[in-house]
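# Topology and contacts: notes
So the chains spell out like this:
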Amino acid sequence: AMVGHNAFVVETTANQLWAWGYLANYVGGNPAWKNPNPVNVTSVWTAAGAVFPSKKLLGNYNTLHIIDANDHLFGGGCNVQGNVGNREQYPSWRTYPLTPYQWSMANNQTVIAPVRIPGKWKDIISNNTVTFYLYGQDMGGNWYSWGRNKSRVLGNGLSMTSNDEGARSEYYNIPAPR
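The model shown is predicted, which means the values in this text are computed figures rather than measured ones.

## Some words on the overall build of the chain
- For the chain, the count of helices and strands is 2 helices and 11 strands.
- Taken from N to C terminus, the helices and strands of the chain fall in the order β-β-β-β-α-β-β-β-β-β-β-β-α.
- For the chain, with 178 residues in total, the buried portion stands at 45%.
- Of the roughly 8,700 Å² of accessible surface on the chain, 52% is carried by carbon and sulfur atoms.

This is the structure in structure tokens:
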């Protein structure tokens, strides 16, 4: 799985996850300046409850999602637009103390450890590695979307005017499957 241009993840035949890249800390590894070599990050994901072998690994621009052997969904990474799916958006555009919204992607400020997303999941997709939104299908065949909702990409009926999207582009982010 590719997590944007930030990190790369492979699952070996021994059911281990290895990560490397510029910001491999998005998936539990070390940034390239600390260690340019692949690092075993299996324990970071099993600590959240993931059971391997996985059924699916999916990276988008800044998160990694895994459907594990038990059909549980796990997400971790940079959660600025709520695209991990854990009902939170960090840092929140509503409560962040600096004005304007001045957070930094440096030093893990926006990165959260892997967490389990409730439910049982059959599939998860995203458009490509330069997106901040995801679509997931539960075992009953129902589809959900979450993450950044700019330009109405989530298909959930929530939208703003073009001017409002430009001024408050994080307002309609959806931080959990809906």
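Moving on from the coordinates now.
## Overview of the environment of Val 10
- With respect to the helices, strands and loops of the structure, Val 10 is situated in strand β2 (residues 7–11).
- Since its relative accessible area comes to 37%, Val 10 is described here as partly exposed.
- Along the sequence, Val 10 and Leu 57 sit 47 residues apart, while their C-alpha atoms lie 8.7 Å from each other.
- Apart from the residues within four sequence positions on either side, Val 10 is in contact with Gln 16, Leu 17, Trp 18 and Trp 20.

## Observations regarding unusual backbone geometry
- The residue after Phe 52, namely Pro 53, is reached through a cis peptide bond having omega 15 degrees.
- Mapped onto the elements of the fold, Pro 53 is located in the loop between α1 (42–46) and β5 (56–59).
- A positive phi angle, close to 70 degrees, is found at Asp 71, a residue other than glycine.
- In this structure, Asp 71 sits in the loop between β6 (63–67) and β7 (73–78).
- The class for Asp 71 is buried, based on a relative accessible area of 14%.

## A few points about the pattern of salt bridges
- Under the defined criterion, the tally for this structure stands at 2 salt bridges.
- Note that Lys 55 is salt-bridged to Asp 71, the shortest N-O span being 2.7 Å. Here the residue Lys 55 occupies a position in the loop between α1 and β5, and Asp 71 occupies one in the loop between β6 and β7, the gap between them amounting to 16 residues.
- The salt bridge involving Asp 123 is made with Lys 56; its shortest N-O contact spans 2.8 Å. One end of the pair, Asp 123, is in strand β9 (residues 121–125); the other, Lys 56, is in strand β5, with 67 residues separating them in the sequence.

Rules and cut-offs
- Residues numbered from 1 in each chain as written.
- Predicted model: local features only at pLDDT ≥ 70, side-chain atom pairs only at ≥ 80, totals over all residues.
- Heavy atoms only, no water.
- Helix = DSSP H or I, 4+ residues; strand = E, 2+ residues; numbered from the N terminus.
- Buried < 20%, exposed > 50% of the residue type's maximum accessible area, 1.4 Å probe, protein only.
- Areas by Shrake-Rupley, 256 points an atom, 1.4 Å probe, with all protein chains shown as cover.
- Contact = heavy atoms within 4.5 Å.
- Salt bridge = Lys/Arg side-chain N within 4 Å of Asp/Glu carboxyl O.

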